[in-house]
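Okay, here's what each chain looks like letter by letter:
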Amino acid sequence: MALPNLASASGRKSAAKSATKLFSRAGDFTGKNSLEFGKEEDLHAYREMLLIRRFEEKAGQLYGMGFIGGFCHLYIGQEAVVVGMQMAQKEGDQVITAYRDHGHMLATGMSARGVMAELTGRQGGYSRGKGGSMHMFSKEKNFYGGHGIVGAQVSLGTGLAFANKYRGNDSVSVAYFGDGAANQGQVYESFNMAALWKLPIVYIVENNRYAMGTSTSRATAQSNYSLRGSGFGIPGIQVDGMDVRAVKAAGDEALEHCRTGNGPIILEMLTYRYRGHSMSDPAKYRSKDEVQKMRSEHDPIEQVRKRLLDKGWSSEDELKAIDKDIRDVVSDSADFAQADPEPDASELYTDILL
Amino acid sequence: MPIDILMPALSPTMEEGTLSKWLKQEGDKVTSGDVIAEIETDKATMEVEAVDEGVIGKLLVAAGTENVKVNTKIAVLLVEGESADALSAEKPAQPEVPKADADTPAAASDAAGGKARQSADEPSAVADSKVPAQPKIDLAADPDIPEGTEMVMTTVREALRDAMAEEMRRDENVFVMGEEVAEYQGAYKITQGLLQEFGARRVVDTPITEHGFAGVGVGAAMAGLKPIVEFMTFNFAMQAIDQIINSAAKTLYMSGGQMGAPIVFRGPNGAAARVGAQHSQDFSAWYSQIPGLKVVMPYTAADAKGLLKAAIRDPNPVVFLENEILYGQSFEVPKLDDFVLPIGKARIHKTGKDVTIVSFGIGMTYAVKAIAELEKEGIDVELIDLRTIRPMDLPTVIESVKKTGRLVTVEEGYPQNSVGTEIATRVMQQAFDYLDAPVLTIAGKDVPMPYAANLEKLALPNVGEVVQAVKTVCYK
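Residues numbered from 1 in each chain as written. Chains lettered and ligands numbered in written order. Predicted model: local features only at pLDDT ≥ 70, side-chain atom pairs only at ≥ 80, totals over all residues. Heavy atoms only, no water.

*Asks:* Sorry, what's going on with the overall build of chain A here?
*Replies:* Looking only at helices and strands, chain A features 12 helices and 7 strands. Computed over the C-alpha atoms, the radius of gyration of chain A is 19 Å, within 12% of the 20 Å expected from 2.2 N^0.38 for a compact globule of 354 residues. Taken across its 354 residues, chain A has 62% of its residues classed as buried. Taking all contacts inside chain A whose residues are at least 6 apart in sequence as the whole, residues at least 24 apart take part in 75%. Of the accessible surface of chain A, which amounts to about 12,500 Å², a share of 50% is contributed by carbon and sulfur atoms. (Helix = DSSP H or I, 4+ residues; strand = E, 2+ residues; numbered from the N terminus. Rg over C-alpha atoms; globule rule 2.2 N^0.38 Å. Buried < 20%, exposed > 50% of the residue type's maximum accessible area, 1.4 Å probe, protein only. Contact = heavy atoms within 4.5 Å. Areas by Shrake-Rupley, 256 points an atom, 1.4 Å probe, with all protein chains shown as cover.)

Structure, rendered in structure tokens:
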């Protein structure tokens, strides 16, 4: 289908006909989607999302035990966003995000051991223990961090897209940021340049409704983030970010839009984080019912699980076997991350300058 | 095997908390994500969620218990097929604090976990104080200029332009971006002619959006390009300083050496003339504090050329501080195909035996005039042009001080925490026995730059102050 040129009323209508969905207001999860996954796609999405879920639960546990220090922001609830996007991307596309980044790293194929060992600050971590939860990178997997300054990754991601255009390759930069970062000035400076220079970048607003403890309604004058690029002529689509199929479909469209030289596009993923902003956030700014409703009615993993069973693509036993496999991977990463030594003292002065 | 549920740490600083309420009782079934208890931490009341599925076998700490240490066993969870009978022997738990004395890897890990929560004022263990020595950097000397090399009088402006053009010819990955760098030919004409030679792909006009384009430059550098980001002045780079420091300077370290940012941030820095407080500030001391950055501040055209070429080739982020007043000044530049100077190496501008002056950038103009006057009075000054502020060539300064016993520094920046005070501190620490007088530091005055011509003149250093300072350290 044709992409909307602008996130105008007509543009939104045309997007609505596709697999992506539009909402009258953020958070209206209707659960209707036209795009269907085949068995292999659903099984793949199930595994990938479950890995992130179990990994994050384990990270939370290790934090509680004192193995992980400082800040630790869990991705639980938002798994469909990165998994769906990763399914749409191709080799060479770059990924960059902020500090709620463990899910993105696992989705790009970074090893659970390497990520967990970085969380515990050990030498086997991706940054040899010098980055921590918020600062990890993998050149091999085209993962460009892992950034602790809200909004900075949007300009950096735009720079990755600049490099793609400069080199004349057909790679696309995928830059994730939250509804909180969407109010930072440099985001709009970046939108302007990306639109002006037609840079191949998909801006993904992971709208989980809360910037730390401030709900979107209290923080933003325009809570439809898919419209945030309209002043620059950047099209935007709102997507049910709890449905991995909708994410994949929107990702396909957006990446194609960028690869064919049309410049940037915004995907607003309507999603939800189940846990607090960080481990020390009691999340008193929302009701238990709100969280519970989201978990019971829109859980991204449960949706896939139900489909697999309903369609007879997997038996309970087969799913149990997958669960076990994933628990094993996660346990192994946790064991490794606890047993691995801290970085050698000599690491203090390495990697400052080349 | 039953799973122990431990008192969790729920903030970076939590060591103990109050178990205020149990939300599940013995015999209750829980699934992952269920809230099982409420805990009051040093910050807030937090919910504890179950990680595993099972049945609560035993609650080991009563609701309302205060000062429960992190990692104390608070409950036991029975997993599928286990019976509570197995738990009859379970005793109320003692706090399990991480042990630092065992030498097994697991116990060492515990110590690591626990250590992160030591309060800041707690003295660290003796073993922790063994900080490895900072590695020494061996620097190359300036390249020899072959006998008979033609020296061409060149302005700093042309030297900078030539450096960029030569490096852009040499490496396809080098490009320049900034406000008015292309069509306008540079706000200060530093990029004159580059658009015509290299085209709009490699000479990129940006909108007025310092924070954004600095970030775009760093992102492009992380992807392997070699951007030269021109700031119309470094005063405007304050909008972008987050990207320079938090993104460009720190990424190599934070990524464990996987990726960094080979980028040059350049433009005029410091006071021009009569442009007032917001357009007249020297940032050399600011950037020089940041590990992961190199900071270059040339005075002569030859240094400007050789060091900018080096900065563009350098795999690290380099802050290259120019000066508007120096742009039009001419100096001899050797006519060589590829004149590259080492970053981090000071240049002895003039040798002398009585007193050492260390300066850099436009500060050199005061020093050069002062030494001519001092010569008339029989004081033979050794003048060192630092050229690079970070890494700082302290060995050259100290060698000189060992010879002269006296030191004066000259710069235009603010006096507190200046480059001069840094040099004075280090010379005091490393060459105390060689000093025959206190080190004096000449800097700008401790005021925002005034607009009025007379006040502006007063706010900047002057030659008389340098002459007087040199006489003072010589006790003359």
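*Asks:* How do you make sense of the side chain of Ser226 of chain A when you look at a structure like this?
*Replies:* Along the polypeptide, Ser226 of chain A turns up in the loop between helix H8 (216–219) and strand S6 (236–240). In terms of polar contacts, Ser226 of chain A uses its side chain to reach the side chain of Asn224 of chain A, at 2.5 Å. (Polar contact = N/O pair within 3.5 Å; in protein donor to acceptor, adjacent residues only side chain to side chain.)

*Asks:* Sorry if this is basic, but what is going on with the UniProt feature "domain: Lipoyl-binding" (unreviewed entry) in chain B here?
*Replies:* On the UniProt side, "domain: Lipoyl-binding" (unreviewed entry) is annotated at positions that read residues 2–78 of chain B here. Within residues 2–78 of chain B, the helical portion is 0% and the strand portion 53%, while the C-alpha atoms at the span's ends are 5 Å from each other. (UniProt positions renumbered as here; feature names shortened; annotations may be inferred.)

*Asks:* I tried to follow the pattern of salt bridges on my own but got confused; where do I start?
*Replies:* When the charged atoms of two side chains lie near each other, side chains of opposite charge can form a pair. Under the counting rule described, the total for this entry stands at 51 salt bridges over all chains. A salt bridge links Lys90 of chain A to Asp170 of chain A, with the nearest nitrogen and oxygen atoms 2.9 Å apart. Placement of Lys90 of chain A in the loop between helix H3 (79–88) and strand S1 (94–96) and of Asp170 of chain A in the loop between helix H6 (152–167) and strand S2 (173–178) is noted, with a sequence separation of 80 residues between them. The exposure class of Asp170 of chain A is partly exposed, given its relative accessible area of 40%. Residue Asp93 of chain A is joined to Arg259 of chain A by a salt bridge in which the shortest nitrogen-to-oxygen separation is 2.9 Å. Residue Asp93 of chain A is located in the loop between H3 and S1, and its partner Arg259 of chain A is located in helix H9 (residues 244–259); the two are separated by 166 residues in the primary sequence. For Asp93 of chain A, a relative accessible area of 4% puts it in the buried group. Of the residues examined, Arg259 of chain A reaches a relative accessible area of 21% and is grouped as partly exposed. What you see here is one network of salt bridges that share partners, running through Glu166, Glu167, Arg170, Lys305, Lys309, Arg313 and Asp338 of chain B. (Salt bridge = Lys/Arg side-chain N within 4 Å of Asp/Glu carboxyl O.)

*Asks:* What exactly am I supposed to notice about the interface of chain A and chain B here?
*Replies:* For interface size, the figure often reported is the accessible area lost on association. Listed by partner, the interface residues are 63 residues for chain A and 77 residues for chain B. Among the residues of chain A in contact with chain B, Tyr166, Tyr349 and Leu354 of chain A are the three that bury the most area, contributing 13% of the side total. There are 2 salt bridges connecting chain A and chain B. The partner of Lys288 of chain A in a salt bridge is Glu47 of chain B, and the shortest N-O contact between them spans 3.0 Å. Our count for the contact surface shared by chain A and chain B stands at 23 residue pairs in polar contact (both at pLDDT 80 or more). For the side of chain A that touches chain B, the secondary structure elements donating two or more residues are helix H2 (39–64), H6, helix H7 (185–196), helix H10 (288–298) and helix H12 (316–339) of chain A. Ranked by the residues each element gives to the side of chain A that touches chain B, the list is headed by H6 of chain A, at 10 residues. The residue inventory of the side of chain A that touches chain B, partitioned by class, reads 28 nonpolar, 18 polar and 17 charged. (Buried area = accessible area lost by both parts, 1.4 Å probe. Nonpolar A, V, L, I, M, F, W, Y, C, P; charged D, E, K, R; others polar.)

*Asks:* It is not clear to me how helix H10 (residues 363–376) of chain B should be interpreted in this structure. Could you clarify?
*Replies:* A turn of α-helix holds 3.6 residues, and therefore any two residues three or four places apart point the same way. All names here are of chain B. Counted at 1.5 Å a residue, the expected span for H10 with its 14 residues is 20 Å, and the 21 Å between its end C-alpha atoms agrees. Here H10 has its buried residues at Gly363, Met364, Thr365, Tyr366, Ala367, Ala370, Ile371 and Leu374. Considering only its buried residues, H10 is in contact with helix H9 (324–327), strand S17 (347–350), strand S18 (355–359), strand S19 (381–385), strand S21 (407–410) and helix H14 (463–473). (Expected span 1.5 Å × (residues − 1).)

*Asks:* Would you explain the UniProt feature "domain: Dehydrogenase E1 component" (unreviewed entry) in chain A in this entry?
*Replies:* Mapped onto the present numbering, the UniProt feature "domain: Dehydrogenase E1 component" (unreviewed entry) falls at residues 48–345 of chain A. Secondary structure across residues 48–345 of chain A divides into 45% helix and 10% strand, with the first and last C-alpha atoms of the span separated by 36 Å.

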